[in-house]
Amino acid sequence: MYQQDERNLTMVMDLYELTMANGYFNDEDAGARVAFDVFYRKNPDNGGFAIFAGLDQIIEYIENLHFDEDDIAYFRGLNLFNEDFLNYLANFHFSGDVYAFPEGTIMYPNEPVLTVVAPLLDAQLIETAVLLQINHQSLIATKTRRIVKAADGRSVSDFGARRAHNMDAAVYGARAAYIGGAVGSATVLAGKMFGIPVSGTMAHSWVMFYKDEFEAFKHYAENYPDATVLLVDTYDVLGSGIPNAIRCAKEVLEPMEKRLNGVRLDSGDLAYLSKQVRKMLDAAGLTDCKVIVSNSLDEYTISSIISQGGCIDGFGVGERLITAKSDPVFGAVYKIAAVYENGQFAPRIKISENVEKITNPGLKKVYRVYDAEGKAIADLLAKADESIDFGGPVRYVDPNKPWKNRNFTNCTAKELQVPIFIDGKCVYERPALNAIRDYVQKQLDTEIWEEEQRFENPHSHYLDMTPDYYEMKMSLLYLSRQE
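Residues numbered from 1 in each chain as written. Predicted model: local features only at pLDDT ≥ 70, side-chain atom pairs only at ≥ 80, totals over all residues. Heavy atoms only, no water.

What is the right way to look at the overall build of the protein in this model?
Counting its secondary structure elements, the protein contains 17 helices and 21 strands. For the C-alpha atoms alone, the extent of the protein along its principal axes is close to 85 × 60 × 40 Å. The burial tally for the protein puts 51% of its 483 residues in the buried class. For the protein, contacts bridging at least 24 residues in sequence account for 74% of all contacts bridging at least 6. Total accessible area computed for the protein in this model is approximately 22500 Å², and 50% of it derives from carbon and sulfur atoms. Side-chain charges in the protein split into 48 positive and 69 negative, and the spacing between the mean points of these groups amounts to 6 Å. (Helix = DSSP H or I, 4+ residues; strand = E, 2+ residues; numbered from the N terminus. Buried < 20%, exposed > 50% of the residue type's maximum accessible area, 1.4 Å probe, protein only. Contact = heavy atoms within 4.5 Å. Areas by Shrake-Rupley, 256 points an atom, 1.4 Å probe, with all protein chains shown as cover. Lys, Arg positive; Asp, Glu negative; His and termini not counted. Charge placed at Lys NZ, Arg CZ, Asp CG, Glu CD.)

How should the pairing of strand β19 (residues 418-422) be read in this particular structure?
Consecutive residues of a regular strand have side chains that alternate between opposite faces of the sheet. Sheet analysis places strand β3 (residues 97-100) next to β19, joined by 3 bridges and oriented antiparallel. Across the sheet, V98 pairs through a bridge with F421, a residue of β19. Here β19 folds back onto strand β20 (residues 425-426), and the loop between the two strands holds 2 residues, one of which, D423, carries a positive phi near 50°. (Pairing = 2+ DSSP bridges.)

Whenever I open this one, the packing of aromatic side chains confuses me. Can you help?
The relation between two aromatic rings is expressed through the spacing of the ring centres and the mutual angle of the planes. Throughout the structure, instances matching the rule amount to 21 aromatic pairs. Considering the side-chain rings of F67 and F92, the 6.3 Å spacing of their centres and the 55° angle between planes classify their relative orientation as tilted. Remark: F92 occurs in the loop between α4 (83-90) and β3 and F67 occurs in the loop between α2 (55-63) and α3 (69-77); sequence separation between them is 25 residues. The pair F67 / F92 is uniform in exposure class, with both members buried. The structure contains a cluster of three or more aromatic residues connected by ring pairs, namely F25, F67, Y74, F75, F81, F85, Y88 and F92. The ring of F194 carries the charged tip of R175 above its face, separated from the ring centre by 5.8 Å. Here the basic side chain of R247 rests over the ring of F214, its NZ or CZ set 3.6 Å away from the ring centre. (Phe/Tyr/Trp six-rings, centres within 6.5 Å; stacked < 30°, edge-to-face > 60°. Lys NZ or Arg CZ within 6 Å of the ring centre and 35° of its normal.)

Can you walk me through the pairing of strand β1 (residues 33-39) in this structure?
Along β1, 6 of the 7 residues are buried, which leaves the element largely enclosed by surrounding structure. Across 6 bridges, the pairing between β1 and strand β5 (residues 114-119) is antiparallel. Residue pairing for β5: V34 is matched across the bridge by A118. Both β1 and strand β12 (residues 333-341) contribute to a ladder of 6 bridges, which runs antiparallel. Bridge pairing in β12 places V38 opposite Y334.

Explanation requested: α2 in the structure shown.
Note that an α-helix has 3.6 residues per turn; residues three or four places apart therefore point the same way. Within α2, 7 of the 9 residues are buried, leaving the element largely enclosed by the surrounding structure. Considered for burial, the residues of α2 that qualify are L55, D56, Q57, I58, I59, Y61 and I62.

Help me understand the pattern of salt bridges, please; the structure alone is not making it clear to me.
Two side chains that carry opposite charge are able to pair once their charged atoms sit near each other. This structure, assessed with the given rule, holds 29 salt bridges. K250 is the partner of E254 in a salt bridge, and the nearest nitrogen-oxygen pair spans 3.4 Å. E254 sits in the partly exposed class, given a relative accessible area of 30%. A relative accessible area of 33% places K250 in the partly exposed class. (Salt bridge = Lys/Arg side-chain N within 4 Å of Asp/Glu carboxyl O.)

For this particular structure, what's the right way to read the sheet that holds strand β7 (residues 184-185)?
Strand order in the open sheet formed by 6 strands is β7-β6-β11-β10-β9-β8, with parallel pairing between adjacent strands. Pairing within the sheet leaves two strands with one partner each, and these edge strands are β7 and β8 (229-231). In terms of strand pairing, β8 meets strand β9 (residues 262-265) through 3 bridges, oriented parallel. Bridge assignment links V229 to a residue of β9, and that residue is G262.

The structure is reproduced here in structure tokens:
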């Protein structure tokens, strides 16, 4: 049995979660209820938005949360924890509440995309797993969306498994890439686990194994007559690759009443070569044969190729997608926002010399506000117990310009967080992966401003506050200065 089949993923946590949990347990604070928010501070690549992904794996993690006998034995061997705490862990199960944006929601910095309201130990122990799922999959989904936008209607496939940081990164990266708009993946396990369409043809080794290029193409076409895509850059794209591909189409496929589906370029000047290849294929009557390119692509190289008139039908994108090479850290954090005291949740705020690290305190609601045309004009933070009537003007505070008197008028709104777990039970109807992918596309097509989607100097989405929420935050900041 492979080691990864034996893993208890509950153990994917930082040691400090256990040392803090043990301390809370010893001090009889384990059952105190708290609220933690997950948020991030900056969009990757200085973009205008990000895509929330990874929620399905968080649900699976929490539903399977447990410690095996060998886990407890390992903890005992660390000589850090007393037996009462280890006995507690042996019978542990998550009993709290989780609220989150639906997976695939377009999200913005500094708003709580997921909130845990739970006993202190429950909330503390899930921190690492929650963050790693959101940080990884949201990063790859967002990067893929940028690449898909650059492709401007041409297909984008994930070709990144062999350059991913490990096996899990390849598989779950493929899932995230599909959410972000990739049409499929070359990673077979991702296809099996998630129903993602898989695609792939041949490597250069196939062509090099046979005595000549045409023989290699001929063998492949005979094996896969309905799905023949030929790799044409092993030796000489224009001098032999395309002529041999055309010959294969005429001498092997057409007698079987089949067509050559495509050719793939994996090196060279892709803009120039694709134009020449297109001319040669069209002259041979293969106008329906697609030109696919790969080789260290990202949104910038793809935009450049297209701007040069590259004749390309699809892109296979590998290392720069699966590792989000240009900005490989998403940076979501998990911060305490409130503690239950004297019959109510008392807000907590983190203060920092860096303004961007000051947190938004307390239990809260997040609304997305839409204008009369259905465009999202802002997100709005409100206290959890506030009732807001969007039937009339709604006063709000821009925290960057609090002195201005602002109102939403002729607007509608929806609350973004929905219940995921209540009292440890999953109450969320988990959508199919295709539905998540379609949800991303619908938001970008109908709700999110095009100005937020551009690569250079995107419009910054507004995160406003109700006056009550803003005053609560300011009062906490004022009190912190008095201490």
